[in-house]
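Listed here are the chains, written in short residue letters.
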Amino acid sequence: MANQRYPTSHGINDHLKKQAQVVVVMVPLPAQGHLNQLLQLSRLILSHKIPVHYVAATTHNRQAKQRVHGWDPNAAANIHFHDIEIPPFHCPPPNPEAKIKFPSQLQPAFNASFHLTKPVSMLLRALSCKARKVIVIYDSLMASVIEEARFLSNAEAYTFHSVSAFAVSLYQWELEGNVIEENELFPRDIPSLEGCFTDEFTGFINCHYSKHEKFNTGCVYNTCRVVESAYMDFLEKKTTKEGIKHWALGPFNPVTVPVRSKSSKKQHFCLEWLDKQAENTVIYVSFGTTTTFDDEQIKELAVGLRESKKKFIWVLRDADKGDDLSINLNNTT
């Protein structure tokens, strides 16, 4: 595993002399759910003996490695983390009272990602000089950062969608001006995406989506056709004329848990609790790492869980301190 701060051509060319003919460059959006998914996809690609270059700001690379589960990226061969230094930026605290519940506190980090454009361009040019094929897998919200790929004859760019194929299909359906109503794809009462994003984030989306249509070779999803075949088929039909293909390559996360030695750290209490439950009796629901609720919403959720008479364990993150707060509301106790 190599750790490079600024991708100078000299250092990369020396490394490429010993490198495979095909290399993959990962360019994630700087948010945990995006960083982690592309890091997990890197693990799968590494299993095929293909070198991977993972490019992000220094802080976000460190975050991705520290929070990953199931494997140790620091011990993996052929994964090269490029730590890019970007200007400092300020992120405001979450606002549970905001009318739009989108995590707008992350917007400064998203905007700062444009500083990756020059370093990523340098890296792609250097890799293209030695590798037979350069495969760029970039988050759908990082298209502007990897535009250099369109000028390299031996580079191919693939869009990674961090959300489900269902969510992308719903977005496409509404984008075409369709009304959400019960049909063979969408069940009744699916809420509209209208009002989910701030105006600033909507502009951020449009900026990147207008770019990737010009050089996108195909789309990658962290899903499987067993679960989302109808939506994968829907998306494929939408891009048949353009020749853009769609791949369901998930699940990316390790599906087996390695046996822990006696000297290894104690596993998280949530997993210990889960191990004590009967098979197929627990449903996992995640609101993500950026969702904020006001006190009244939290109370309503708690009451609903209690009234369900079902087993559960609930973990909240304090918006001000960032601490994990465990709430013991298990109906079996």
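Note that the structure is a prediction, hence the values are computed from the model and not measured.

**Here we look at the nonpolar core**
Among the nonpolar cores identified, the biggest contains 35 residues, and Val134, Val136 and Ile146 are the most heavily contacted of them. Mapped by element, the contributors of at least two residues to this core are β2 (22-27), β3 (52-57), α4 (107-112), α5 (117-130), β5 (133-139), β6 (155-161) and α7 (199-212). Looking at this core element by element, the count peaks at four residues for α5. When residues no more than four places from it in sequence are discounted, the contact partners of Val134 are Val23, Val25, Leu124, Leu127, Ser128, Asn154, Ala155 and Glu156. Counting residues in hydrophobic clusters, the runner-up holds 23 residues, among them Met26, Ala76, Ile79 and Val220.

**Concerning the pattern of salt bridges**
As enumerated under the stated definition, the model contains seven salt bridges in all. Between Lys133 and Glu156 there is a salt bridge whose closest N-O contact spans 3.3 Å. With Lys133 in strand β5 and Glu156 in strand β6, this pair connects stretches of sequence that are 23 residues apart. Relative accessible area serves as the criterion here: at 22%, Lys133 is assigned to the partly exposed category. Given the relative accessible area of 23%, Glu156 is considered partly exposed. What you see here is one network of salt bridges that share partners, running through Arg225, Asp233 and Glu236.

**A look at the pairing of β2**
For β2, the tally of buried residues reaches five of six residues, placing the bulk of the element in the interior. Looking at chain direction, β2 and β5 are connected through six bridges and run parallel. Bridged to Val22 within β5 is Lys133. After leaving β2, the chain enters helix α2 (residues 32-46) and then returns to the sheet as β3, a path that is right-handed.

**Some details on the environment of Tyr138**
Along the chain, Tyr138 turns up in strand β5. Between the C-alpha atoms of Tyr138 and Leu38, which are 100 residues apart in sequence, the distance is 8.6 Å.

**Considering the packing of aromatic side chains**
The geometry of two aromatic rings is summed up by the distance between their centres and the angle between their planes. Taken as a whole and judged by the stated rule, the model has 17 aromatic pairs. When the centroid spacing of 6.1 Å and the interplanar angle of 70° are considered together, the rings of Tyr171 and Tyr209 count as edge-to-face. Of this pair, Tyr171 sits in helix α6 (residues 165-175) while Tyr209 sits in helix α7, and the two are 38 residues apart along the sequence. Residue Tyr171 is classed as partly exposed on the basis of its relative accessible area, which comes to 23%. For Tyr209, a relative accessible area of 22% puts it in the partly exposed group.

Conventions and cut-offs
- Residues numbered from 1 in each chain as written.
- Predicted model: local features only at pLDDT ≥ 70, side-chain atom pairs only at ≥ 80, totals over all residues.
- Heavy atoms only, no water.
- Core = buried A, V, L, I, M, F, W, Y, C linked by side-chain atoms within 4.5 Å.
- Buried < 20%, exposed > 50% of the residue type's maximum accessible area, 1.4 Å probe, protein only.
- Helix = DSSP H or I, 4+ residues; strand = E, 2+ residues; numbered from the N terminus.
- Contact = heavy atoms within 4.5 Å.
- Salt bridge = Lys/Arg side-chain N within 4 Å of Asp/Glu carboxyl O.
- Pairing = 2+ DSSP bridges.
- Right-handed = clockwise from strand over helix to strand, strands pointing away.
- Phe/Tyr/Trp six-rings, centres within 6.5 Å; stacked < 30°, edge-to-face > 60°.

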